[in-house]
Structures are given as structure tokens and as C-alpha cells.
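Structure at a glance
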Amino acid sequence: MALASFGAASVLLPVVALFVRAPWSRLGGALSGVGASTALRLSIEVSLAATAISVVVGVPLAWVLARGEFPGRNLLRAVVVLPIVLPPVVGGVGLLVALGRSGVVGRWLHDALGLQLTFTTAGAVVATTFVSMPLVVLATEAGLRGLDRRHERAAAAMGGSPWYVFRRVTLPMVAPQLAAGAVLTWARALGEFGATITFAGNLAGRTQTMPLAIYQARQVDPGGAIVLSLILVVVSVSVLVALGGRLTGPR
Amino acid sequence: MLEAAIEVPRGDVTVAAAFSAGHDETVALLGPNGAGKTTIVEAIAGLVPTASGTIVLDDEPIHDLPPERRPIGIAFQDGVLFPHLSVLENVAFPVRARGARPRAARAHALELLGRLAPGIDPGAKPGTLSGGARQRVALARALAGTPRVLILDEPLSAVDVSARAELRALLRRTLGSFDGPRLLVTHDPVEAMTLADRVVVLEGGRITQTGTPEEIRDAPRTRYAADLVGMNLFVGRLMPLEAGVGVLEAADGVVTVPWPEGVAVEPIDDVLATLAPADVALHAARPEGSARNVIQGVVEEVAILGDRARVRLSGSPRLVAEITTGSVARMAIRTGGAVWASFKAVEIHLMVERGPTDTL
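Residues numbered from 1 in each chain as written. Chains lettered and ligands numbered in written order. Predicted model: local features only at pLDDT ≥ 70, side-chain atom pairs only at ≥ 80, totals over all residues.

Residues and elements named next belong to chain B. Within the open sheet, the six strands sit side by side as β6-β7-β8-β3-β9-β10. Their pairing is mixed. What marks the edges here is a single partner per strand, and that holds for β6 (72–75) and β10 (206–211). Within the sheet, the average angular offset between the axes of one strand and its neighbour, ignoring direction, is 20 degrees. Pairing between strand β9 (residues 198–203) and β10: five bridges, direction antiparallel. Within the sheet, the bridge partner assigned to L202 lies in β10 and is I207. Seen against the sheet, helix α1 (residues 37–44) touches β3 (26–30), β6, β7 (149–153), β8 (182–186) and β9 and runs at an angle of roughly 150 degrees to β8. (Pairing = 2+ DSSP bridges. Helix = DSSP H or I, 4+ residues; strand = E, 2+ residues; numbered from the N terminus. Axes fitted to C-alpha atoms, helices over the stretch in contact; angles between N-to-C directions. Contact = placed C-beta atoms within 7 Å.)

Given below as C-alpha cells:
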């Protein structure tokens, strides 16, 4: 109990401190002064886009990792998990070298297709996806591995084509793990900072998500930084409470 | 007509089997656990790869087809119902998987459920059902895709005893009315004897004997077949005789049996009774003693299996007794000779087909 209390306190203390030190008297001014609504909207857009891409790309990836039998599968898994281990800044640098205007692929994208990712919202989405996707991949892979394969075999025996079986049996049966992974991915995406600022820059209205806005506000207006932080705390807790009880907790 | 001649790798052994099932025939694959029964039917359904061999249905090879294109319906052991789908959607699954509209598929599923699983809520999730109810839904699902071959894998193993009798009767009706070959996988000799027209005995991945239940009972070729398949089986009407005792009026004779526990004392039709041949004693003259059943017969056949001999008697009813070869010599038992058989009522094992009606 004592350890649990200590654990809870270590999470609660900074949050409580934010509430204590918030400049409640000039809340309105602080909000408009630091462009809170723009940053918040961008944060939500970028994190949702990154989550959607992570699910669309991550589920097939999880499938390959769970079901594929090929040499180098463990190496592939290590590479997929890498963004969890790496400091996000390193991811940002990597993305810059790969997809920046003079990057390995980025140069070609720019010259041939006229696409530029750096300093664009799309770039922020790419950086955020890079960092947060492993969570949904790992959760879904664990779900697929834990699946009783007899149901899929039964579905095939019942006349289901491989795609039909995936759609109506496999996917619904891993839905709880997939959803939990998606929530974690979204939460990670909402807080993403390092890779985004390194790869996409810190442009208000284009790449400046909440964490970046907080970082910038802290240098000119510490009170505004606290207000922005509080907003992020409230949004995150509301969403996690609304979803988390059902998706990440015991069913 | 289904003809299978296949070799299927399983672990470090290879299961090999060649057998056929006629259009209107139920063939039981009978064997101990691990004999390879399920492996064989799953190979026929295309769910496990075969090393070699052919599977031919009505002169048309199906062994190269993927599982979803083989016209086979399986009720798996333990049901293997989809846990996230309702009972109705489970049964509609094979119909929808083959491209039918959801509405038509559900109507077909409802019709099947009404026939095979009345009283089960079509909206319920499989996890809430009893073993017997799950097996009924599995049976409906196996039939839903209008397959040309029906496979039942251990349909009674996950069903508790009280629901078993009623389900066995349903299985018999369903197998009997199915238009095509039927395979029944079971480790239970009574199930094989009562539901199948022909029995394929599997041991250690090989077929050791094929024949009608009577043929295998009369002349089992292996110890396993002798111990489990070679039971005396009586089917008939059970009548009360005195307290705790009844008589079973089988087609070819009457035996005295203990009244089954917890069953109302009134005449009951379609009662099954088994008697192990080793529990039948043979005597040269009419025996004295406490055995309730004493039957005179003529030796039809003496089959030697190791140090045991199976003696088949004509009589009322017909019996198979298993005695030592020493006793055969001592009593000078030979084909055509007269002999007395006796067995105690308590050695007889009764199965009442008509269970309580509220077991669903």
C-alpha cells in the first residue's frame, strides 16, 4: 500500500503543482496570448491522423510479425520496436536525413513530385506516426499470438476465404487488443515532442502542436506554459477516462 | 461416395488411412486418444496438409482444393463456435461466407436452429451456452452451408451425461437424414456402435480393422478393439420387474438388469445396455449361483486373441464371452457345442436414450 501510494503520488504531484501555480486570474489572456486553441486543434488533428495511419499500416505489420515465417523476423520486430527505445530526437534526425529536402528519399520526393514534408503538418504527422506506431503493432501482435487458431481454421472449413476469415473472425477477435493499442498510440502521439520539432520544426499553425507550444511559451511566458500544460492534462485525462476504463482496463 | 487414401504428417509420426464412406453411410473413425482420428478428418477438410494421397468425392478429386472450396461441413470437437458472434451469426456464417445475402443467410440459420436447437436464444453468445447447447449450434452450423459430406468430431465428448442421451438421439436423426457420406470421429465404442453403419478402427496412426459394428464385435482383431468395441450390446424396451431391477426386452432376447438410478419406474423405450464379454461366465452345465441371467446357447465361433478366447454364442439373446484359452480347453468348448452362459445383472451398463426434456 505504501509503495502504491508513493507511485500514485509521483504521478499526481506534478499535476497538482500545475493546478496550484496556474495563473487563474489571467487565464483568458494567457490562453489567447499563446495561441492555445490553434495548437490544441493541431495537436488533436495530428495525433488522430498518426493513430489512423498507425492502425492501417500497423495491423498488417503485426500480422506479418505474428504469422509470418521468414528469416529475420526477430530483426524486423526489433526495428519496429526501435522508436520506443530511441530518444525521439534521434528519430527526428533520422527522418530528416531520410525525408528532408536533401534527404535520401526526400530529395527525390521534392524533385520528382514536388512534395516537401519538413515544416509541414504532414511532416508532423509522419514524425508522430514514427514514434507512436510501435505501440499498436506490439499490442495487436500480442493479440494475434494469443488467438486460438482453431477458430480461423473452423472459419476456413465453413467456406470463408482467407480475406473473409480475417475480416469476420481474426480482426474482431483481436479488436480489444487492437483498440487498447490504438488508445496508447494516440496518447503517445498527443504528447510527441522530440521527433516533431526536429523533423517538422516549430511553426505556429502548421507544426506547432501543444507540447511544442508549451516548450516555446515557457521561454517567454511561464504562466502561459502552465495553462497550456493544464489544457493538455485535462484533454488527456478526459479521453483516457472515457475510453480507458473499457479499453485498457479489465473487461 | 467419399474415398480417402492419405498420409498426413503429425509431429514425428505419419498418420496413414485408406477408407471410403458410401453416399448413405455413416462411418465411425474409432480409436483411442492420439490415434490420428481428428488429423484424418481435418486433412479431408483441407485444414492440415497431407504428405500424399487422394481424396475423392463422387468421382471428383477434392484434395487440391483449398478448405473453403471443399463441400464439407464439420461440427468440431467442443464446437469451436466463434465467441464474438451470436448463435444466429455463427450458424449463418457458412452461408454468408459463400456469398449469400445476410438476410437470407439468417433466415436459413433460424430455420436450422429451430429444428436442431429449439429453446436456444439465437442472440446469445456461445460463451453463455452449456456444452450440449454448443454442440447443437455446432451441428446446425455444420449443416448450414449445405455440404455434401458431414463430419462430426467427438460430438458428445463435451456434453454432460444428463444431456447426452437426448443429443445422441438428435445425432442419430441428423446423421440418418443427411444426404451424403457422414464421418463420425469418436473414442466411445457405444457411440460408434449405435450411430455408425461401419466402423474404422484407428490405432497409432494406422487402421487396424474395418467392418460393421457386429463384425468387429464378433471378431475384433486387436486388444483395443476387443476391450472396447467388442461389447455385448442390447437395445430395447426396459420394463420394471421388482424393486431396483428391470428386464430389458431386446430384439433377440431378454436380460435382467439393474434399474437405472434416478429414472422413473415405468416402461422406457430405446434403452441401450452394454455388457463386457469378460463379465460373461461359461459353464458346461446349467450353473448354480446368484447370477440373474442364465442363458443356454450353441457355440458359433471361437476366436483366439493371445491367451484369451472370444466365444460367440447363438442363444436368446446372442452373446460374446471372453474366457481364457485354458478354460476353452478345460470345458472342451468347440464350434457347434452346447454351453451355458451366466452374468450378473449389475455387470450390465444401461444408457437411457430418453433423457429429461428440460436439459437444454
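Moving on to the pairing of strand β17 (residues 308–314) of chain B. All names here are of chain B. In terms of burial, β17 is largely enclosed, as five of its seven residues are buried. With seven bridges joining them, strand β16 (residues 293–305) and β17 adopt antiparallel strand pairing. What sits directly across from E301, in β17, is R312. The hairpin formed by β16 and β17 contains two residues between the paired strands, and G306 there has a positive phi angle of roughly 70 degrees. In terms of strand pairing, β17 meets strand β18 (residues 319–324) through six bridges, oriented antiparallel. (Buried ≥ 20, exposed ≤ 12 C-beta atoms within 10 Å, placed from the backbone.)

Here we come to the packing of helix α4 (residues 73–85) of chain A against helix α7 (residues 121–146) of chain A. All names here are of chain A. Contact geometry for α4 and α7: axes closest at 8 Å, N-to-C directions at 125 degrees. Taken together, α4 and α7 sit at an angle that is classed as oblique. The two elements α4 and α7 cross, and the hand of that crossing is left-handed. Residues V80, V81, P83 and I84 of α4 pack against F130, V131, P134, V137 and L138 of α7. Along the lines of polarity and charge, the residues of the contact of α4 with α7 split into nine nonpolar, no polar and no charged. (Parallel < 35°, antiparallel > 145°, perpendicular 65-115°, else oblique. Left-handed = near helix turned anticlockwise from the far one by under 90°. Nonpolar A, V, L, I, M, F, W, Y, C, P; charged D, E, K, R; others polar.)

Take the interface of chain A and chain B next. Contact residues are listed per partner, giving 14 residues for chain A and 16 residues for chain B. Of all the secondary structure elements, the ones that give two or more residues to the side of chain A that touches chain B are α8 (149–157) and α9 (162–190) of chain A. Of the residues forming the side of chain A that touches chain B, the biggest block, six residues, is contributed by α8 of chain A. A breakdown of the residues in the side of chain A that touches chain B according to their chemical character gives eight nonpolar, four polar and two charged.

This part covers the domain arrangement of chain B. Residue and element names in this part refer to chain B. For chain B, the assigned domains are domain 1 (2–229) and domain 2 (232–352). Taking the mean C-alpha position of each, domain 1 and domain 2 sit 33 Å from one another. Between domain 1 and domain 2, the residue contacts involve eight residues of the former and 11 residues of the latter. Looking at the side of domain 1 that touches domain 2, the elements that each hand over two or more residues are α6 (189–195) and α7 (213–218). Looking at the side of domain 1 that touches domain 2, its residues break down into five nonpolar, one polar and two charged. (Domains from an automatic or database assignment.)

Turning to the sheet that holds strand β4 (residues 52–57) of chain B, a few remarks are in order. Residues and elements named next belong to chain B. Within the open sheet, the four strands sit side by side as β2-β1-β4-β5. Their pairing is antiparallel. A single partner strand is all that each edge strand has here, and the edge strands are β2 (13–21) and β5 (60–61). Pairing between strand β1 (residues 2–10) and β4: six bridges, direction antiparallel. Pairing of I6 across the sheet is with G53, part of β4. Across the sheet, α1 touches β1, β2 and β4, and the angle it forms with β1 is around 115 degrees.

Okay, unusual backbone geometry next. Residues and elements named next belong to chain B. Between S316 and P317 the backbone carries a cis peptide bond, its omega angle lying at 0 degrees. In this structure, P317 sits in the loop between β17 and β18. For E154, which is not glycine, the phi torsion reads 45 degrees and is therefore positive. Relative to the assigned elements, E154 resides in the loop between β7 and α5 (161–177).

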